[in-house]
Amino acid sequence: MAVSYTGVVTVTGEGRNGGQVAASDGLLSTSLAIPKELGGAGGATNPEQLFAAGWGACFLGALRRAAGQRKIRLTSTGITVEATLTHGDDGEFGLSAVLNLELGGVDQKTAVELGEAAHQLCPYSKATRGNIPVTINSVAVAA
């Protein structure tokens, strides 16, 4: 398998509790903090937000590819990704995700079909398939 690109990020310090994140090219540099909802100080991003951002961006790329393969012209695209940190009765942590798509220029049936197609193409979706619960909500919007 040929390598297309490798993103390199270094995390230092206390990880999600006050750590620092820095990309090797200098384009990403941020602090991490435990969200207030989990009893932390908040005030900085967290791994779930970063994961949601990466998945959302990748998913829209896959969506555009799926639409192009079908010769469908989308007038607008948007996605809100909810990456949820979960924990079971055993105390173990996991993730779940909800991907909320809004697609312009298509009917509802086509919006759902494109969402399902993108989920088959997106590398993040492939990596999480069968590992975490994922819900995809596709909505056709006037645009």
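Now for a description of the structure that goes with this document. Source: prediction; values computed, not measured.

**Let's talk about the sheet that holds strand 5 (residues 93-104)**
Each strand in a sheet pairs with another by means of backbone hydrogen bonds, the pair being arranged parallel or else antiparallel.
In step 1: The strand order across the open sheet built from three strands is 4-5-6, with neighbouring strands paired in mixed fashion. Looking at which strands have only one partner, the edges of the open sheet turn out to be strand 4 (76-87) and strand 6 (134-141). This sheet shows a mean twist of 15 degrees between the axes of neighbouring strands, independent of strand direction.
In step 2: Where strand 4 meets strand 5, 12 bridges bridge the pair, whose relative direction is antiparallel.

**Some details on helix 1 (residues 47-69)**
In step 1: For helix 1, built from 23 residues, the straight-helix expectation of 33 Å at 1.5 Å per residue is met to within 8% by its first-to-last C-alpha distance of 33 Å.
In step 2: Along helix 1, the residues classified as buried are E48, A52, G54, W55, G56, F59, A62, L63, A66 and A67.
In step 3: Close packing links the buried residues of helix 1 with strand 4, strand 5, helix 2 (108-121), helix 3 (123-128) and strand 6.
In step 4: Capping the start of helix 1, N46 holds a side-chain oxygen 3.1 Å from the backbone nitrogen of E48, two or three residues further along.
In step 5: Within two residues after helix 1, K71 carries a phi angle of roughly 55 degrees, on the positive side.

**Here's the deal with the sheet that holds strand 3 (residues 29-31)**
In step 1: Spatially, 1-2-3 is the arrangement adopted by the three strands of the open sheet, whose pairing is antiparallel. On the outer flanks of this sheet lie strand 1 (9-12) and strand 3, each paired with one strand and no other. Taken over all neighbouring pairs, the strand axes of this sheet differ in orientation by 15 degrees on average, direction set aside.
In step 2: As paired elements, strand 1 and strand 2 (residues 20-23) share four bridges and run antiparallel to each other.

**Brief notes about the pattern of salt bridges**
In step 1: One pass over the structure, following the stated rule, counts two salt bridges.
In step 2: Here R16 makes a salt bridge to E48, at a shortest N to O gap of 2.6 Å. Taken as a pair, R16 in the loop between strand 1 and strand 2 and E48 in helix 1 lie far apart in primary sequence, 32 residues in all.
In step 3: You can call R16 partly exposed: its relative accessible area is 28%.
In step 4: Classification of E48 as buried rests on a relative accessible area of 11%.
In step 5: A salt bridge links E113 to K109; the shortest N-O distance between them is 3.0 Å. You can see E113 and its partner K109 sitting in helix 2, four residues apart, about one turn around the helix.
In step 6: You can call K109 exposed: its relative accessible area is 61%.

Definitions and cut-offs
- Residues numbered from 1 in each chain as written.
- Predicted model: local features only at pLDDT ≥ 70, side-chain atom pairs only at ≥ 80, totals over all residues.
- Heavy atoms only, no water.
- Pairing = 2+ DSSP bridges.
- Helix = DSSP H or I, 4+ residues; strand = E, 2+ residues; numbered from the N terminus.
- Axes fitted to C-alpha atoms, helices over the stretch in contact; angles between N-to-C directions.
- Expected span 1.5 Å × (residues − 1).
- Buried < 20%, exposed > 50% of the residue type's maximum accessible area, 1.4 Å probe, protein only.
- Contact = heavy atoms within 4.5 Å.
- Polar contact = N/O pair within 3.5 Å; in protein donor to acceptor, adjacent residues only side chain to side chain.
- Salt bridge = Lys/Arg side-chain N within 4 Å of Asp/Glu carboxyl O.

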